[in-house]
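Each chain, letter by letter, is given below.
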Amino acid sequence: MPEHTFRLNGEQVTVDVADDVRLLWVLRDVLGVTGPKYGCGISVCQACVSHVNGKAVTPCTVPVGDLDASDEVTTIEGLPDTVGEELHPMQEAWLEQDVSQCGYCQPGQIMAAVALVRRSAEEGRDITDDDLDGIRNICRCGTYLRIREAIRAGAAHM
Amino acid sequence: MSTDGEAPVSEPGGHVVGRRRFFGYVLAGATLVTAAGPIPATAAWAEEAQNESLSGSVDLNDVMTLAARPTSNLIKVEVHEDSTVSFALPRAETGQGITTSTAMLIAEELDVPVSQVRVTLADARPELVFNQLTGASNTTISTYTPVRTAAAIARRRLLEAAADEFGADLDDLVLREGVISDGSGHSAQIGSLVEKAASENTEEVSVDLKTSEDFSVIGEPQNRIDAVEAVTGRKKFTLDLDVDDALPTMVCRAPTINGTPESVVNTDEVLQMPGVTDVATISTGVAVRAETFGQCIDAVRALEVSWEPGSVDGLSDEDVLQELQEAELPMVPAPPGSSTVDETFTFYFRNNSALEPNCAIADVRSDSAEIWSGLKAPIVARGAIAEKIGLRPSAVTVHVPESGGSFGRKLFFDAAVEAAEASKEIGKPVKLMWHRADDTRQGRTQPMATSRVRISHDGDRVLRYDQRHTSVATDLSHGFGDVVTAMAAEIPGLDGTFAQVFFQLSQARSYDFGHESRLLNEVNRGFNTGSMRNVYSPNVVCARELMVDRLAQELDRDPYEFRRELLTDERARAALDRVAEVGEWGREMPSDTAQGIAFMHEYKSECAVLAEIDCRQETIDREVRDGVTGPRVTKVVLAVDVGLAVNPRGLEAQMQGCVMDGIALAMTSSLHLEDGHFLEASWDNYFYTRQWNTPPEIEVVIMPASGEPGGAGELGVAPVKAAVACAYGRAVGAMPTSFPINHGDLSFEPRPNVPPVPEPPSDGLDNAE
């Protein structure tokens, strides 16, 4: 089987798996990194959102063969290390607002939120209601309101 | 409840309860383990039946609470040498926050910090009989007293041990934050006293519980105890567990509902696919086991299977609707001389699918089996699993990991039974997961229903209220059934079919309508159904509230004032008044926007909702890729009186979630049945509320404590749905009669149903943002 190598949460990893296996399953089933969740497998629910080179992707739609050795994959497990803290400011905001109910979607929500704040910062602007309306992540527990509050609070500390 | 007959005392809010002495046990053991005493259901029932503070009607919660009581002595609080306190909760945590609220009950009575209490979920424990069923918002109601009793006994026992240790008087000791001190220099962590506090023999003891004026934990906002685990990705759900050799497994399913496999054309070919280890035909389809779920999906898509017919082949929405119309029970004639308002409402199939799909891990051996699955009725599940794989129930161990949501779905155990069958057939452990498309198309649904309402009145005076609810049968075979059947003999006045009894128990009188009758008739048992959050109420109450609005309109009365007059209960009126005040009922609104107001009493709790909706064309026309927009609910004010909110912050979260559910049910969420299958296959098809449908303003008002905890987990769904529907009707000038409102417009291109699951996209990196 072909070998694939990429960077995962700051470490170089190599896996032996077919090219077209999506990154989500490489993370969860091969590497045992279970923070990114399955909710649909077709990039609708966004429960698996993680970062590749700092940008949000849905790993359920990334064939592992598309990754280069230097590509940096960050899952929720590696998010705190990107700021050198025990928790990322967005995770702190999530705790402060007591956002999670069942918690299943929250890793994806947090990773999507961090990418959104980065994008708006690059564009030199604050998070708007339209930005928040545009978040596609599903929360079946309906924590949307606290998510919105947490993103605004987290953005202030990023 | 047991009492030694002390005089009743008045608690805040004017609710009179007996200050009672509760008895329980210190159990034999090397460490300190305590439990509440058992209470015979019959005696408890007799006591409560005579208690005038009850709402006057028995509801499902009374039945569940009574059914749980005889075994409440079997759930134990344990104090450890590291000063932590542990408790294995015999309920499912599915996001509703019961591990946190249970930790609070223990922390309160034991005087330890909440962070020192570890609440885990118990394995299936058949000896608990009816005391391990999570549903009907009953957890806190049924565990409130037993859990506190066990904790209070532990506290008492620790204090006695400390008195002995310090040579001090019991009365001079203070237990605070897990430390006992005597005021003259002695102090000890509770963990250092557990050995001394333990008992060689099981001893019966009695204890007083704190009264509400002494509470310092109960009633204070508390963040969830599992929050850090959740935000770091460390929280483990079933699919995250690492069980040796339990490889990913999925099932190729039939194109129509409940179709079964006849034969597989290309087993050998699929076995050659990368990663695939096993292919096995089981009763629900063809199971594939592989190194990764991605390879399972590829294999499921590659399988060529011929299928036997399903259970509802050929049926579409309109056929079911016709069947419902034909089965509607007759209305009684209106009283002579009265006028009536009369309307029939339609509610299409809905999906209670949680974000965590149906899933389970199974390791079935020749003489035993071990199962892991988020189950709300694990004892019943264990029996069903044992039957399926031909083992004695006692040979089956069922673990209950935390669930990624439920909304009623996890009352059933479809994936657990299927995983057990697959593991047995394959002869290896499996980690079985349903694809989202499976979950939507073959999973449990909230059944399609019609509800006819007639209100007979003489001017402003309502003479009678009649409702004829006709529904595709709701499958209740997960344990509610056993509870109700077992308790039926204890409850006078209940007769009729089981579904009828259940329906009556789950519906309560909200208004003074004079004479009231609500009847259920069920048809067609071919669908996979179950209880969805708030069960019948989102439909029954929505229909009722719309008709209250219609009557108010005919009488030229204000919808709020009219409701207020129909409410006789003070708590109910207070909640309604509160939303009217906070939500500024009657304020000037632009055209095509409006307010709606609704009320519901259920499971000892009161809930009133005011919603505002924007139906202006520019709002309806908002464009979101693959998303449903339409009218937007712009504001919701919800007032809730649950008697006593153990954790107000958790209750607020539950009510916020109920807001999203109610909006979805009113506006966007339904399944379309066509030719024996549902068209929906993803979250962009089955349209639960998304951020762009979320009200920018939500205010949850928690009413002052008025007694002991009532139901809280699902209470808001029905009145939110009703208030949104009422607001919509007032905004567009026509009462809606079919739900969700957008059901008539299919908002997506249906995905194929052969193969049963969609192809995973491969353009992820191109869409990085």
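This is a predicted model, so every value here is computed, not measured.

Some points on the overall build of chain B
Moving on, step 1. From N to C terminus, chain B includes 20 helices and 33 strands.
Moving on, step 2. Taken over C-alpha atoms, the radius of gyration comes to 27 Å for chain B, in line with the 27 Å a tight globule of 769 residues would show.
Moving on, step 3. Its C-alpha atoms give chain B principal-axis dimensions of about 80 × 75 × 55 Å.
Moving on, step 4. For chain B, buried positions account for 57% of its 769 residues.
Moving on, step 5. Restricting to contacts in chain B with at least 6 residues of sequence separation, those with at least 24 account for 80%.

Remarks on the overall build of chain A
Moving on, step 1. For chain A, the helix and strand inventory stands at 5 helices and 5 strands.
Moving on, step 2. Reading chain A from its N terminus to its C terminus gives the helix and strand order β-β-α-β-β-β-α-α-α-α.
Moving on, step 3. Against the globule reference of 15 Å for 158 residues, chain A gives a C-alpha radius of gyration of 15 Å, in line with a compact fold.
Moving on, step 4. Principal axes of the C-alpha set define a box for chain A whose edges measure 45 × 30 × 25 Å.

Topic: unusual backbone geometry
Peptide bonds are trans in most cases, and residues, glycine excluded, mostly fall at negative phi.
All names here are of chain B.
Moving on, step 1. Residue Pro-740 is reached from Phe-739 by a cis peptide bond, and omega for that bond is -5°.
Moving on, step 2. Among the structural elements, Pro-740 can be located in the segment after strand E33 (738–739).
Moving on, step 3. The residue after Val-754, namely Pro-755, is reached through a cis peptide bond having omega -10°.
Moving on, step 4. The residue Pro-755 is located in the segment after E33 in this model.
Moving on, step 5. Of note, the phi angle at Asp-626 is positive, near 50°, even though the residue is not glycine.

Observations regarding the domain arrangement of chain A
Residue and element names in this part refer to chain A.
Moving on, step 1. Annotation of chain A at the domain level lists domain 1 (3–78) and domain 2 (81–156).
Moving on, step 2. Each of domain 1 and domain 2 has a C-alpha centre, and the two are 20 Å apart.
Moving on, step 3. Contacts between the two partners involve 19 residues from domain 1, matched on the other side by 14 residues from domain 2.
Moving on, step 4. Listed by contribution, the elements that provide at least two residues to the side of domain 1 that touches domain 2 are strand E3 (50–52) and strand E4 (55–57).
Moving on, step 5. Taken together, the residues of the side of domain 1 that touches domain 2 break down into 7 nonpolar, 10 polar and 2 charged.

Things to note about the sheet that holds E3(A)
Residue and element names in this part refer to chain A.
Moving on, step 1. Taken in spatial order, the 5 strands of this open sheet run E2-E1-E5-E3-E4, and their pairing is mixed. Pairing within the sheet leaves two strands with one partner each, and these edge strands are strand E2 (11–16) and E4. Pairwise comparison of adjacent strand axes, ignoring direction, gives a mean angle of 40° for this sheet.
Moving on, step 2. One ladder, built from 6 bridges, connects strand E1 (residues 3–8) with E2; its direction is antiparallel. Pairing of His-4 across the sheet is with Val-15, part of E2.

Structural notes on the UniProt feature "domain: Aldehyde oxidase/xanthine dehydrogenase a/b hammerhead" (unreviewed entry) in chain B
Moving on, step 1. In this structure's numbering, the residues bearing the UniProt feature "domain: Aldehyde oxidase/xanthine dehydrogenase a/b hammerhead" (unreviewed entry) are residues 232–311 of chain B.
Moving on, step 2. As a span, residues 232–311 of chain B carries 20% helix and 35% strand, and end to end its C-alpha atoms are 43 Å apart.

A look at the packing of helix H15 (residues 537–554) of chain B against helix H16 (residues 559–566) of chain B
All names here are of chain B.
Moving on, step 1. Running from N to C, H15 and H16 cross one another at 110°; their axes reach a closest spacing of 9 Å. Judged by the angle between their axes, H15 and H16 are roughly perpendicular. Contact with H15, carried on its side by Val-548, Asp-549 and Ala-552, involves Pro-559, Phe-562 and Arg-563 of H16 and no other residues of that element.
Moving on, step 2. Its residues assigned to classes, the contact of H15 with H16 comprises 4 nonpolar, no polar and 2 charged.

Quick word on the packing of helix H3 (residues 98–110) of chain B against helix H4 (residues 139–166) of chain B
Residues and elements named next belong to chain B.
Moving on, step 1. At a closest axis distance of 8 Å, the pairing of H3 and H4 adopts a crossing angle of 35°. Judged by the sense of rotation from one axis to the other, the crossing of H3 with H4 is right-handed. Where H3 approaches H4, its residues Ile-98, Ser-101, Thr-102, Leu-105, Ile-106, Glu-109 and Leu-110 are matched on the opposing element by Thr-139, Thr-140, Thr-143, Tyr-144, Val-147, Arg-148, Ala-151, Ala-152, Ala-154 and Arg-155.
Moving on, step 2. In the contact of H3 with H4, the residues fall into 9 nonpolar, 5 polar and 3 charged.

Describing the nonpolar core
Residues and elements named next belong to chain B.
Moving on, step 1. Core analysis: the largest hydrophobic core is formed by 281 residues, its most contacted members being Leu-638, Val-640 and Val-724.
Moving on, step 2. If one sorts the elements of this core by residue count, H4 sits on top with 12 residues.
Moving on, step 3. In contact with Val-724, other than residues within four places in its own chain, are Gly-596, Ala-611, Ile-613, Val-633, Gly-662, Ile-663, Ala-666 and Met-667.

Looking at the interface of chain B and chain A
Moving on, step 1. Facing the 61 residues of chain B at the interface are 59 residues of chain A.
Moving on, step 2. Listing elements by their share of the side of chain B that touches chain A, those giving two or more residues are helix H6 (227–232), helix H8 (293–302) and helix H19 (648–668) of chain B.
Moving on, step 3. In terms of residue count, the dominant contributor to the side of chain B that touches chain A is H19(B) (7 residues).
Moving on, step 4. Of the residues that constitute the side of chain B that touches chain A, the class distribution is 25 nonpolar, 22 polar and 14 charged.

A word on the sheet that holds strand E14 (residues 276–282) of chain B
Residue and element names in this part refer to chain B.
Moving on, step 1. Judged by pairing direction, the sheet is mixed, and its 7 strands sit side by side in the order E14-E15-E12-E22-E19-E20-E21 without closing on themselves. Here the strands that pair on one side only, and so sit at the sheet edges, are E14 and strand E21 (396–399). If you compare each strand with its neighbour and ignore which way they point, the axes differ by 25° on average.
Moving on, step 2. Relative to strand E22 (residues 430–433), strand E19 (residues 359–364) runs antiparallel, the two sharing 4 bridges.

Considerations on the domain arrangement of chain B
Residues and elements named next belong to chain B.
Moving on, step 1. Examined at the domain level, chain B breaks down into domain 1 (8–227), domain 2 (238–311 + 358–433) and domain 3 (319–350 + 445–469 + 492–525 + 533–739).
Moving on, step 2. Computed from C-alpha coordinates alone, the two centres of domain 1 and domain 2 are separated by 38 Å.
Moving on, step 3. Every contact between the two is made by 14 residues of domain 1 and, on the other side, 19 residues of domain 2.
Moving on, step 4. When its residues are assigned to classes, the side of domain 1 that touches domain 2 shows 7 nonpolar, 5 polar and 2 charged.

Some details on the pairing of E22(B)
All names here are of chain B.
Moving on, step 1. Judged by which residues are buried, E22 turns out to be covered on both faces: Val-430 and Leu-432 on one side and Lys-431 and Met-433 on the other are all buried.
Moving on, step 2. As paired elements, strand E12 (residues 247–252) and E22 share 3 bridges and run parallel to each other. Bridged to Leu-247 within E22 is Val-430.

What counts and how
- Residues numbered from 1 in each chain as written.
- Chains lettered and ligands numbered in written order.
- Predicted model: local features only at pLDDT ≥ 70, side-chain atom pairs only at ≥ 80, totals over all residues.
- Helix = DSSP H or I, 4+ residues; strand = E, 2+ residues; numbered from the N terminus.
- Rg over C-alpha atoms; globule rule 2.2 N^0.38 Å.
- Buried ≥ 20, exposed ≤ 12 C-beta atoms within 10 Å, placed from the backbone.
- Contact = placed C-beta atoms within 7 Å.
- Domains from an automatic or database assignment.
- Nonpolar A, V, L, I, M, F, W, Y, C, P; charged D, E, K, R; others polar.
- Pairing = 2+ DSSP bridges.
- Axes fitted to C-alpha atoms, helices over the stretch in contact; angles between N-to-C directions.
- UniProt positions renumbered as here; feature names shortened; annotations may be inferred.
- Parallel < 35°, antiparallel > 145°, perpendicular 65-115°, else oblique.
- Left-handed = near helix turned anticlockwise from the far one by under 90°.
- Core = buried A, V, L, I, M, F, W, Y, C linked by C-beta atoms within 7 Å.

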